[in-house]
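# Structural features, examined
Residues per chain are reported as follows:
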Amino acid sequence: MGYDAEGVRRAVHDLLVAIGEDPQRDGLRETPERMARAYAEMFSGLGEDPGSHVEKVFDVAHEEMVLVRDIPMYSVCEHHLLPFHGAAHVAYIPGEDGRITGLSKLARLVDGYARRPQVQERLTAQVADAMVERLGVQGVLVVVEAEHLCMSMRGVHKPGSNTVTSAVRGQLRNAATRAEAMSLILGRRS
Ligand SMILES: Nc1nc2c(ncn2[C@@H]2O[C@H](COP(=O)(O)OP(=O)(O)OP(=O)(O)O)[C@@H](O)[C@H]2O)c(=O)[nH]1
Ligand SMILES: [Zn+2]
């Protein structure tokens, strides 16, 4: 069940008709095609195995905490197919063998799970679980902060509200280690 660009074009055409638009008018004629291209990008995570990115490791023994913070994150809520966007922060303690992965791979991991219809809680947990299961880390803390457009531009109309989710596994459950990671994540704001 791969990506069906022709199916997306047809559906967008029908959607335009259903909302009372004329899909043949100048500005809209190419919209089904544009959206088929845009959705291929926005939902590309469905066609990949995000965890594979962090399986590419370096043999640099490092047993202390590594944090990549402020990773820009764009996803789409599965309830309304509207964007939610913000930042992800990933802190981890490498496995006992000290294996680390490339810093960009953490961002690729986040992207792979963000580019699908999602809920923020699941996205956060999936990133944490992949770090444990695929990289073999001793501990990980993932924090995601995002604004949901379904809460801003419609429905409850609360622009500016920010949802923060976290998932913590292994040694990062330890109160002192977790507090250190959180203070590094929040550091820029103090
Ligand atoms: N927990 C969680 N909820 C989300 C996320 N994205 C959107 N939602 C919520 O999903 C819920 C869907 O609620 P429903 O009552 O089924 O749909 P609705 O009638 O459109 O709800 P309103 O948004 O309140 O108008 C809403 O409360 C959204 O705010 C997410 O990532 N996590
Ligand atoms: Zn939503």
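Conventions and cut-offs
- Residues numbered from 1 in each chain as written.
- Chains lettered and ligands numbered in written order.
- Predicted model: local features only at pLDDT ≥ 70, side-chain atom pairs only at ≥ 80, totals over all residues.
- Helix = DSSP H or I, 4+ residues; strand = E, 2+ residues; numbered from the N terminus.
- Expected span 1.5 Å × (residues − 1).
- Buried ≥ 20, exposed ≤ 12 C-beta atoms within 10 Å, placed from the backbone.
- Contact = placed C-beta atoms within 7 Å.
- Near = placed C-beta within 6 Å.
- Nonpolar A, V, L, I, M, F, W, Y, C, P; charged D, E, K, R; others polar.
- Pairing = 2+ DSSP bridges.
- Axes fitted to C-alpha atoms, helices over the stretch in contact; angles between N-to-C directions.
- Parallel < 35°, antiparallel > 145°, perpendicular 65-115°, else oblique.
- Left-handed = near helix turned anticlockwise from the far one by under 90°.
- Domains from an automatic or database assignment.

Between its terminal C-alpha atoms helix H3 (residues 103-114) stretches 17 Å, which fits the 16 Å expected from 12 residues at 1.5 Å a residue. Looking only at H3, the buried set comprises Leu-106, Leu-109, Val-110, Asp-111, Gly-112, Tyr-113 and Ala-114. Looking at the buried residues of H3, the elements they touch are strand S2 (66-77), strand S3 (83-93), strand S5 (117-118) and helix H4 (120-135).

Every residue lining ligand 1 is accounted for by Cys-77, His-79, Val-119, Gln-120, Glu-121, His-148, Cys-150, Met-151, Gly-155 and Val-156. Those elements that provide at least two residues to the shell around ligand 1 are H4 and helix H5 (149-152). Across the shell around ligand 1, the residue classes tally to five nonpolar, four polar and one charged.

All right, on to the environment of Leu-172 then. By the secondary structure assignment, Leu-172 is in the loop between strand S7 (163-170) and helix H6 (175-186). By the C-beta count within 10 Å, which is 24 here, Leu-172 ends up buried. In this structure, the C-alpha to C-alpha distance between Leu-172 and Tyr-92, residues 80 residues apart in sequence, is 7.7 Å. What Leu-172 contacts, discounting residues up to four positions off in sequence, is Ala-91, Ile-93, Gly-139, Val-140, Leu-141, Thr-177, Arg-178 and Ala-181.

Attention now moves to the pairing of S3. Looking at chain direction, S2 and S3 are connected through nine bridges and run antiparallel. Paired with Ile-71 across the bridge in S3 is Ala-88. The loop that links S2 with its antiparallel partner S3 comprises five residues; one of these, Leu-81, has a positive phi angle of about 55 degrees. Pairing geometry for S3 and strand S6 (residues 139-148), over 10 bridges, is antiparallel. Bridge pairing links Gly-86 to Ala-146 in S6.

Another point: the packing of helix H1 (residues 5-18) against helix H2 (residues 31-42). Closest axis-to-axis distance for the H1/H2 pair is 8 Å, and the angle between their directions is 130 degrees. Here H2 runs oblique to H1, going by the angle between their axes. Seen along the crossing, H1 lies across H2 with a hand that is right-handed. Of H2, the residues touching H1 (which contributes Ala-5, Val-8, Arg-9, Val-12, His-13 and Leu-16) are Thr-31, Pro-32, Glu-33, Met-35, Ala-36, Tyr-39 and Ala-40. Split by residue class, the contact of H1 with H2 holds nine nonpolar, two polar and two charged.

Per the domain assignment, the segments making up the protein chain are domain 1 (5-42) and domain 2 (56-189). Placing the centre of domain 1 and that of domain 2 at their C-alpha centroids yields a distance of 33 Å.

Attention now goes to the environment of Val-66. When you line up the elements, Val-66 lands in strand S2. Sequence spacing of Val-66 and Ile-93 is 27 residues, and the spatial spacing of their C-alpha atoms is 6.4 Å.

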